[in-house]
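Residues per chain, in single letters:
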Amino acid sequence: QVQLVESGGGLVQAGGSLRLSCAASGRTFSSYTMGWFRQAPGKEREFVANIAWSGGYTSYADSVKGRFTISSDNAKNTVYLQMNSLKAEDTDVYYCAAASRVRSCSQGSADCDYWGQGAQGTISS
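To keep things clear, this report deals only with the structure shown in the data block. The shown structure was predicted, so the numbers you read here are calculated from the model rather than taken from an experiment.

One pass over the full model with this rule turns up 4 aromatic pairs. Summarising the aromatic geometry, the rings of F29 and W53 are spaced 5.4 Å apart at their centres and angled 25 degrees between planes, so their arrangement reads as stacked. You can see F29 sitting in the loop between β3 (18-25) and β4 (33-39) and its partner W53 sitting in the loop between β5 (46-52) and β6 (58-60), a full 24 residues away along the chain. Per residue, the accessibility class of F29 equals that of W53, and both read buried. With a centroid separation of 5.7 Å and 70 degrees between ring planes, the pair formed by F37 and F47 is classed as edge-to-face. Placement of the pair is F37 in strand β4 and F47 in strand β5, with a sequence separation of 10 residues. By way of ring pairs, the aromatic residues F29, Y32 and W53 are connected into one cluster. Seen from the ring of Y95, R45 lies directly overhead, with NZ or CZ sitting 4.0 Å from the centre. R45 extends its terminal NZ or CZ atom over the ring of W115, reaching a point 4.5 Å from the ring centre.

A few words now on the sheet that holds β3. Reading across from one edge, β1-β3-β8-β7 is the order of the 4 strands in this open sheet, with antiparallel pairing throughout. Whereas interior strands pair on both sides, the edge strands pair on one side only; in this sheet they are β1 (3-7) and β7 (68-73). Sheet twist, expressed as the average angle between the axes of neighbouring strands with direction ignored, equals 15 degrees. By the bridge criterion, 6 bridges tie β3 to strand β8 (residues 78-83) in an arrangement that is antiparallel. If you follow R19 over to β8, its bridge partner there is Q82.

Grouped together as the largest cluster of nonpolar side chains are 33 residues, with contacts concentrated most on M34, W36 and L81. Broken down by element, the residue count for this core peaks at 5 residues, all from strand β9 (residues 92-99). Not counting residues within four places of it along the chain, the set of residues in contact with L81 comprises L18, R19, L20, W36, V48, A49, F68, T69, I70 and Y94.

Conventions and cut-offs
Residues numbered from 1 in each chain as written. Predicted model: local features only at pLDDT ≥ 70, side-chain atom pairs only at ≥ 80, totals over all residues. Heavy atoms only, no water. Phe/Tyr/Trp six-rings, centres within 6.5 Å; stacked < 30°, edge-to-face > 60°. Helix = DSSP H or I, 4+ residues; strand = E, 2+ residues; numbered from the N terminus. Buried < 20%, exposed > 50% of the residue type's maximum accessible area, 1.4 Å probe, protein only. Lys NZ or Arg CZ within 6 Å of the ring centre and 35° of its normal. Pairing = 2+ DSSP bridges. Axes fitted to C-alpha atoms, helices over the stretch in contact; angles between N-to-C directions. Core = buried A, V, L, I, M, F, W, Y, C linked by side-chain atoms within 4.5 Å. Contact = heavy atoms within 4.5 Å.

Next comes the structure, spelled out in structure tokens:
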């Protein structure tokens, strides 16, 4: 069974950085796409970024381009989200997700198969 465990959330001041990690287990993920989403209370979950575990593909939401970087460490079965130049509006619960298809997991429940429990990122202004 696929398990995704996020870590690295916390409180940081605006302009600072956070790095989220997502440790994946339970499968061989070479053909998977991994995604990061975020959700604020009362709002829809929104796409942040995704990456093909096999490499050669990443995509980002316009709101985070140039500030966030998604990467993967295949040896550790871990995906990262490096978040720089953080703004108060980046305050959200961040979720790691996985899809067993390439170039997938960008629409949320429609195309992601597995989800982590979420990690809170709070940016103070």
